[in-house]
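Below, each chain spelled out in residue letters.
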Amino acid sequence: MSILLAVCSALTMLAQTARTFTLDLTADGQAQMVCFLPEKPSGKAIVGIPGGGYSMLSNTHEGTQASGWMNQRGIAYFVVNYRLPNGDRTRPVSDVEQGFRIVRDSASVWGINPYDVGIMGFSAGGHLASVISTLSDFDVRPNFSILFYPVISMDERVTHKWSCMNFLGKEGQKDAKLVNKYSTMNAVQRHITPPALIISASDDRLVPFVTNGLEYYKAMRLAGNECAMYVYPTGDHGFGFGTWFKYHDQLLTDIGNWLDAHQAPKADAVRVACLGNSITDGYGIDMASAYGYPAQLQKKLGQDYWVRNFGVSSRTMLNKGDFPYMNEPAWRDALAFNPDVVIIKLGTNDSKPENWQYGSEFRQDLEQMIFTLRPDLKQYAQMPAKKVQKAMAKARAKAAKAGRNAPARPQIYLCTPIPAFKPTWNINDSVIVNGIIPIQQEVAAKYGLKVIDLHTLYANDGDKMVDDGIHPNEKGAARMADIIAEALKEQ
């Protein structure tokens with residue numbers, strides 16, 4: 001009877017898989033990706049990264065064995081058989097990144113939403129998955145991560161020694177900077193590192209959970225990023241998708257529930273990039289990834305929009321300010337996001353005396369940001385403001401006549417800073433009102449951009465601030481989201 005059930009189960013899983021094939025990831029075929037496409041794709045995809053201590057690949061129960069369950073749920077599944085590092089960490093990293101490029105490039109053909117591609121790594125493969133999640137560029141960074149009993153630390157005293165040795169090499173192990181960089185709890189970034197699910201057993205003796213998976217969870221939670229953690233009472237190390245694991249059925253239920261709760265934006269959703277300083281970032285709001293203004297804006301706009309938070313605390317529009325925004329990885333990520341709409345909310349920190357001494361350059365730095373987002377506007381930079389709108393109207397008419405009447409992208413909204421209700425950190429509301437806002441309004445008028453006058457519309461909301469009088473609390477963030485959502489819907 002048990003053999004019959006096993007055969008029926010296998011046939012059911014095969015019935016859910018429409019196609020299986022293998023692709024080379026390197027010209028010599030040393031790295032490959034095994035692909036399992038479902039009969040009824042949900043749009044979700046997961047790239048699996050087997051473990052093996054960076055000395056071998058455990059690619060059955062930590063790889064292909066998950067394919068049937070994935071395809072039953074409509075998830076396209078890909079197992080990367082990466083090259084072992086042998087001290088050269090770029091080999092496995094580049095193999096996984098290449099796998100991600102192929103999956104996203106082929107998304108429309110394979111029935112995949114390119115904004116719903118996750119990574120699932122086991123043990124050393126969990127470390128590799130966390131490296132891709134924290135250190136790789138935007139185009140190959142996953143949308144979510146599932147980390148099974150992951151190696152996180154590269155400090156051999158608190159983790160799996162051989163994974164450290166094989167990934168970093170003997171010389172790399174002696175390099176404190178490398179050890180710190182690739183101990184990925186140190187690489188977690190607020191709003192940038194994707195949501196994660198961490199799975200382990202309390203009695204794991206090979207990769208101690210407390211000094212590895214728990215450290216990643218702590219880093220994610222302290223950053224305000226979405227993260228969940230399931231620790232089973234027993235199971236030791238390496239259970240993966242093996243049916244022998246005592247909690248196997250519960251494991252599948254837990255992963256399934258987490259995936260169901262993680263809803264990706266539509267593939268054709270309007271992409272909204274929120275650029276700004278700590279007010280955008282969500283300073284003073286616990287779990288800003290869920291309760292900051294961009295997160296609340298997402299809820300108000302609904303599933304037809306995809307809102308991303310690219311705010312970074314303390315940043316300035318001024319390139320000579322103490323912390324220029326355009327020097328930040330978040331700025332590069334915002335550009336790579338290829339937004340349809342950009343909300344720029346910078347200027348508060350520029351009002352500090354130490355920054356506003358360079359105020360004469362605020363206009364040119366604002367224009368630099370605008371021209372980077374919209375290169376088509378740069379041609380009007382030297383033209384008198386009163387002639388620009390006429391020239392732009394002429395260009396639009398010419399484009400329409402030629403059949404190119406699509407609106408220029410992205411649409412850019414300049415938000416005036418909210419009032420500084422207190423002069424905390426030398427932030428000067430008078431400079432905001434008399435120096436920064438007039439420049440924003442003039443630049444917006446010249447190039448036909450929209451202004452959202454938060455300074456005026458938020459003036460009576462001083463009760464929705466944290467004690468510093470500079471940053472909105474959760475209710476204040478909701479108020480900002482209301483104002484901005486209304487402006488977007490009007491447009």
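Residues numbered from 1 in each chain as written. Predicted model: local features only at pLDDT ≥ 70, side-chain atom pairs only at ≥ 80, totals over all residues. Heavy atoms only, no water.

What about the side chain of Asn143?
- Relative to the elements of secondary structure, Asn143 occurs in the loop between α5 (124-135) and β6 (144-148).
- Classification of Asn143 as buried rests on a relative accessible area of 16%.
- Among the polar contacts made by the side chain of Asn143, one reaches the main-chain carbonyl oxygen of Tyr115 at a distance of 3.3 Å.
- When near neighbours in sequence (up to four residues on either side) are disregarded, Asn143 contacts Arg104, Pro114, Tyr115, Asp116, Val117, Gly118, Pro194, Pro195, His262 and Trp306. (Helix = DSSP H or I, 4+ residues; strand = E, 2+ residues; numbered from the N terminus. Buried < 20%, exposed > 50% of the residue type's maximum accessible area, 1.4 Å probe, protein only. Polar contact = N/O pair within 3.5 Å; in protein donor to acceptor, adjacent residues only side chain to side chain. Contact = heavy atoms within 4.5 Å.)

Quick word on the sheet that holds strand β10 (residues 305-311)
- Strand order in the open sheet made by the five strands is β10-β9-β11-β12-β13, with parallel pairing throughout. Both edges of this open sheet fall to β10 and β13 (450-452), since each of them pairs with a single strand only. The average undirected angle you get between the axes of adjacent strands in this sheet is 20°.
- Seen against the sheet, helix α12 (residues 293-301) touches β9 (270-276), β10 and β11 (341-345) and runs at an angle of roughly 170° to β10. (Pairing = 2+ DSSP bridges. Axes fitted to C-alpha atoms, helices over the stretch in contact; angles between N-to-C directions.)

Quick look at helix α13 (residues 329-336)
- Every buried residue of α13 is accounted for by Ala330, Trp331, Asp333 and Ala334. All buried residues of α13 project into a common sector of 160° when viewed along the axis, lining one side.
- Buried residues along α13 sit in contact with β9, β10 and α15 (362-373).
- The positive-phi residue at the C-terminal boundary of α13 is Asn338, with phi of around 55°. (Arc of directions from axis to C-beta.)

A word on the packing of helix α3 (residues 90-105) against α5
- Remark: α3 packs on α5, axes separated minimally by 10 Å, with the N-to-C direction vectors making an angle of 65°. Considering their axes alone, α3 and α5 lie roughly perpendicular with respect to each other. When you trace α3 past α5, the crossing you get is right-handed. From α3, Pro92, Val93, Val96 and Glu97 reach across to α5, where they touch Leu128, Val131 and Ile132. (Parallel < 35°, antiparallel > 145°, perpendicular 65-115°, else oblique. Left-handed = near helix turned anticlockwise from the far one by under 90°.)

Digging into the packing of aromatic side chains
- This model, assessed by the stated rule, comprises 27 aromatic pairs.
- Arranged with centres 6.2 Å apart and planes meeting at 80°, the rings of Phe138 and Phe337 form a pair that is edge-to-face. Of this pair, Phe138 sits in the loop between α5 and β6 while Phe337 sits in the loop between α13 and β11, and the two are 199 residues apart along the sequence.
- What makes Phe138 buried here is its relative accessible area of 17%. (Phe/Tyr/Trp six-rings, centres within 6.5 Å; stacked < 30°, edge-to-face > 60°.)

So far we have only geometry, and geometry alone does not tell us how the molecule works.
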